[in-house]
Amino acid sequence: MYQKVSTSLNFVEREKETLAFWKENKIFEKSVELRRGAEPYTFFDGPPTANGKPHIGHVETRTIKDMIPRYQTMKGKMVPRKAGWDTHGLPVELEVEKLLGLDGKEQIEEYGLEPFIKHCKESVWKYKGMWEDFSNTVGFWADMDNP
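About the criteria used
- Residues numbered from 1 in each chain as written.
- Predicted model: local features only at pLDDT ≥ 70, side-chain atom pairs only at ≥ 80, totals over all residues.
- Heavy atoms only, no water.
- Helix = DSSP H or I, 4+ residues; strand = E, 2+ residues; numbered from the N terminus.
- Buried < 20%, exposed > 50% of the residue type's maximum accessible area, 1.4 Å probe, protein only.
- Lys, Arg positive; Asp, Glu negative; His and termini not counted.
- Salt bridge = Lys/Arg side-chain N within 4 Å of Asp/Glu carboxyl O.
- Polar contact = N/O pair within 3.5 Å; in protein donor to acceptor, adjacent residues only side chain to side chain.
- Contact = heavy atoms within 4.5 Å.
- Axes fitted to C-alpha atoms, helices over the stretch in contact; angles between N-to-C directions.
- Parallel < 35°, antiparallel > 145°, perpendicular 65-115°, else oblique.
- Left-handed = near helix turned anticlockwise from the far one by under 90°.
- Nonpolar A, V, L, I, M, F, W, Y, C, P; charged D, E, K, R; others polar.
- Patch = residues over 30% accessible without salt bridge, like charges linked within 9 Å, V, L, I, M, F, W, Y side chains within 5 Å.
- Areas by Shrake-Rupley, 256 points an atom, 1.4 Å probe, with all protein chains shown as cover.
- Phe/Tyr/Trp six-rings, centres within 6.5 Å; stacked < 30°, edge-to-face > 60°.
- Arc of directions from axis to C-beta.

## So, the side chain of E97
Stage number 1. With respect to the secondary-structure elements, E97 resides in helix 4 (residues 90–100).
Stage number 2. K98 provides the closest opposite charge to the buried, salt-bridge-free E97, at an N-O distance of 11 Å.
Stage number 3. Within polar-contact distance, the side chain of E97 engages the backbone nitrogen of G104 at 2.8 Å.
Stage number 4. Beyond its immediate sequence surroundings of up to four residues, E97 is in contact with L102, D103, G104, I108 and F116.

Now the structure itself:
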């Protein structure tokens, strides 16, 4: 019934196999779909400001923010998990200010809010793919296609 566990484990390979299994079998999607109509549980996860490459500190926060919804899901609750990106956070705004050679609110308003916001969104989209890959690699379950 159970496969014998080898004493010479390749953890990286096992991790990749598990992630592939989850993806091929749509395990996250099934975990949500099977609980349609169940008692809802709301977990608000502030979206990350994707203004740079993910780093080791993000592994911890992604893991903790995934643990609570998974636990509530395992208790039978309906826990929709929508992903999203903070395109207007201060780190993004500061990066874009520096890029455009602006300094402060007055200069941003002179430049124009609409074009400034457009640059902020473009800045985030530049890193979006890296963040999605990172989130998948650490096993973070969220609907990234329908933010």
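Moving on from the model shown.
## Considerations on the pattern of salt bridges
Two side chains of opposite charge can pair, provided their charged atoms sit close to one another.
Stage number 1. With the rule as written, the count across this model stands at eight salt bridges.
Stage number 2. For the salt bridge of R62 with D45, the shortest nitrogen-to-oxygen distance reads 4.0 Å. Of the two residues, R62 is situated in helix 3 (residues 56–74) and D45 in the loop between helix 2 (27–33) and helix 3; the sequence distance between them amounts to 17 residues.
Stage number 3. According to the relative accessible area criterion, R62 is buried, its value standing at 7%.
Stage number 4. Looking at D45, the relative accessible area reads 23%, which means it is partly exposed.
Stage number 5. For E95, the salt bridge identified is with K126, shortest N-O distance 3.8 Å. Pair noted here: E95 is in helix 4 and K126 is in helix 6 (residues 113–137), with a separation of 31 residues, a long-range link.

## Describing the packing of helix 3 against helix 6
Stage number 1. Across the interface, helix 3 lies against helix 6 with an axial gap of 10 Å and an inter-helix angle of 60°. In this view, helix 3 runs oblique relative to helix 6, as classed from their interaxial angle. By crossing handedness, the relation of helix 3 to helix 6 is classed as right-handed. Residue-level contacts link H58, V59 and R62 of helix 3 to W131, F134 and S135 of helix 6.
Stage number 2. In the contact of helix 3 with helix 6, the residues fall into three nonpolar, two polar and one charged.

## Considering the packing of helix 4 against helix 6
Stage number 1. Following both chains from N to C, one finds helix 4 and helix 6 inclined at 110°, their axes separated by 9 Å at the closest point. Taken together, helix 4 and helix 6 sit at an angle that is classed as roughly perpendicular. Across the interface between the two elements, V92, E93, E95, V96, E97 and L100 of helix 4 pack against F116, H119, C120, S123, V124, K126 and Y127 of helix 6.
Stage number 2. Per-class residue counts for the contact of helix 4 with helix 6 are seven nonpolar, two polar and four charged.

## Overview of a nonpolar patch on the surface
Stage number 1. A surface patch of nonpolar side chains, about 300 Å² in accessible area, is lined by V5, L9 and F11.
Stage number 2. Relative to the helices and strands, L9 is located in the segment before helix 1 (11–24).
Stage number 3. Looking at L9, the relative accessible area reads 32%, which means it is partly exposed.

## Focus: the packing of aromatic side chains
Stage number 1. Across all of its chains, the model carries three aromatic pairs by this definition.
Stage number 2. Between W22 and W141, the aromatic rings sit 5.0 Å apart at their centres with planes inclined by 70°, giving edge-to-face as the arrangement. Of this pair, W22 sits in helix 1 while W141 sits in the segment after helix 6; the two residues are 119 residues apart in sequence, bridging distant segments of the chain.
Stage number 3. Judged by relative accessible area, which is 14%, W141 ranks as buried.

## Examining helix 4
Stage number 1. Among the residues of helix 4, V92, V96 and E97 are the ones counted as buried. The arc enclosing the buried residues of helix 4, seen along the axis, measures out at 135°, which places them on a common side. Those residues of helix 4 that are exposed and aimed more than 90 degrees away from the buried face are L90 and K98.
Stage number 2. Looking one or two places after helix 4, you find G101, whose phi comes out positive at around 70°.

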